[in-house]
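The lines below spell out each chain.
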Amino acid sequence: MSKPKILIARAIFGETIERLSQHFDVESNQTDDVWPKALLIEKLKGKEGVFTTGSERIDGELLDACPELKICANMAVGYNNFDIDAMVAHGVTGTNAPDVLTETTADFGFALLMATARRISESEHYLRAGKWTKWAYDMFSGSDIHGATLGIIGMGRIGQGIAKRGAHGFGMKVIYHNRSRLDAALEAECKATYVGKEELLRNADHVVLVVPYTPASHHTIGAVELALMKPTATLVNIARGGIVDDAALAAALRDKRIAAAGLDVFEGEPKVHPDLLTVPNVVLTPHIASATVPTRRAMAELAADNLIAFFGGKGPVTPVTPVTSLAKK
Ligand code: 8YV
């Protein structure tokens, strides 16, 4: 019996390709070219499954052109690269890669918060540029993490991980805002208090964003929200580009309306708003919050598990759409 044909749209671990090759006729992109949409469609012709990362957009136009496609397995917890309505309309199953990256991403959120509040990037650039000639009492003074108020917008699994680190590790007072309030047991575990978004922005010393990107969360933080924040506050975005209005943030940082920001994700990435590149009080990283070797391996394995389980007739492990039966398509 011939194996189903699948495409791995970006470079990935050799072991993942080997494993998938036991089940599928695999075409992979080990040169890691970022294919324009037309080429991705071309490559998907005749494929029944695709292993995607956050950079491949799966929409109605692509699905119209690839009628054999049955499943898109994303190696990411976020799946805003999927047009879910179009996938449902085309009877295509979508899966994501949750849980395996929660703690790693929460670690990174905390690292970025600390680097931002304590001005680590800025001071390192100063040192590397040979500008450090004497110690000074006020050199690179930042703001404290311990004992400060941490405001988390988006209290899913990663948000909860950050809350626990803040409350239990650093004695922070944790306030959060979310579409729905956590149950009392989870709030107690995270030592977190539910507040409205405006109250959070006014009171937090550090604001961390961990919401999924949807049309409703577009520009959750813009000029109006930045104006509510303390002038001493820091803002960290490890969620998605587009959650923050990057132009408004660059202006707020330039005018010192907030103290500093740490950004791992950007509107239109991998492009970065040019104004963000010119302000010193921002720490910029290239979407690496989940980037540890074990976690990236686990994410790749989970995407592979989804493909294997789906074609094995068991149903995918972590679907984000209603599951299409193999027979139906
Ligand atoms: C991924 C992420 O590395 O999981 C997510 O949603 O943002 C990152 O962990 C990225 O999306 C590549 O797939």
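Residues numbered from 1 in each chain as written. Predicted model: local features only at pLDDT ≥ 70, side-chain atom pairs only at ≥ 80, totals over all residues. Heavy atoms only, no water.

Caption draft 1: Main features of the packing of aromatic side chains. Scanning all chains against the criterion turns up five aromatic pairs. Ring plane angle 70° and centroid distance 5.3 Å describe the contact between Phe24 and Phe311, whose orientation is recorded as edge-to-face. One end of the pair, Phe24, is in the loop between helix H1 (14-23) and strand S2 (25-28); the other, Phe311, is in helix H13 (residues 293-311), and 287 residues separate them in sequence. When the centroid spacing of 5.0 Å and the interplanar angle of 75° are considered together, the rings of Tyr126 and Phe140 count as edge-to-face. Here Phe140 lies in the loop between helix H6 (120-128) and strand S6 (149-153) and Tyr126 lies in helix H6, a separation of 14 residues in the sequence. Given a relative accessible area of 21%, Phe140 falls into the partly exposed group. (Phe/Tyr/Trp six-rings, centres within 6.5 Å; stacked < 30°, edge-to-face > 60°. Helix = DSSP H or I, 4+ residues; strand = E, 2+ residues; numbered from the N terminus. Buried < 20%, exposed > 50% of the residue type's maximum accessible area, 1.4 Å probe, protein only.)

Caption draft 2: Inspection of the site of the ligand at higher detail. Every residue close to the ligand is listed here: Thr53, Gly54, Met75, Ala76, Val77, Gly78, Leu101, Arg240, His287, Ser290, Arg296 and Met299. Contact between the ligand and Met75: an oxygen atom at 2.9 Å from a main-chain N or O atom of the residue. Contacts to the ligand include Gly78, whose backbone N or O atom sits 2.8 Å from an oxygen atom. Protein chains shield 86% of the accessible area of the ligand, which is 330 Å² for the free molecule. Residues of the shell around the ligand, tallied by class, amount to five nonpolar, five polar and two charged. (Near = heavy atom within 4 Å. Polar contact = N/O pair within 3.5 Å; in protein donor to acceptor, adjacent residues only side chain to side chain. Areas by Shrake-Rupley, 256 points an atom, 1.4 Å probe, with all protein chains shown as cover. Nonpolar A, V, L, I, M, F, W, Y, C, P; charged D, E, K, R; others polar.)

Caption draft 3: How the structure looks around the domain arrangement of the chain. On domain assignment, one finds that the chain holds domain 1 (5-100 + 293-311) and domain 2 (102-284). Centre-to-centre, using C-alpha coordinates, domain 1 lies 31 Å away from domain 2. Counting residues at the interface gives six residues for domain 1, matched by five residues for domain 2. Counting the surface lost from both domain 1 and domain 2, the interface buries some 550 Å², and carbon and sulfur atoms represent 40% of this. The largest share of the area that domain 1 buries against domain 2 comes from Asn80, Asp99 and Thr295, three residues that together contribute 69% of it. (Domains from an automatic or database assignment. Contact = heavy atoms within 4.5 Å. Buried area = accessible area lost by both parts, 1.4 Å probe.)

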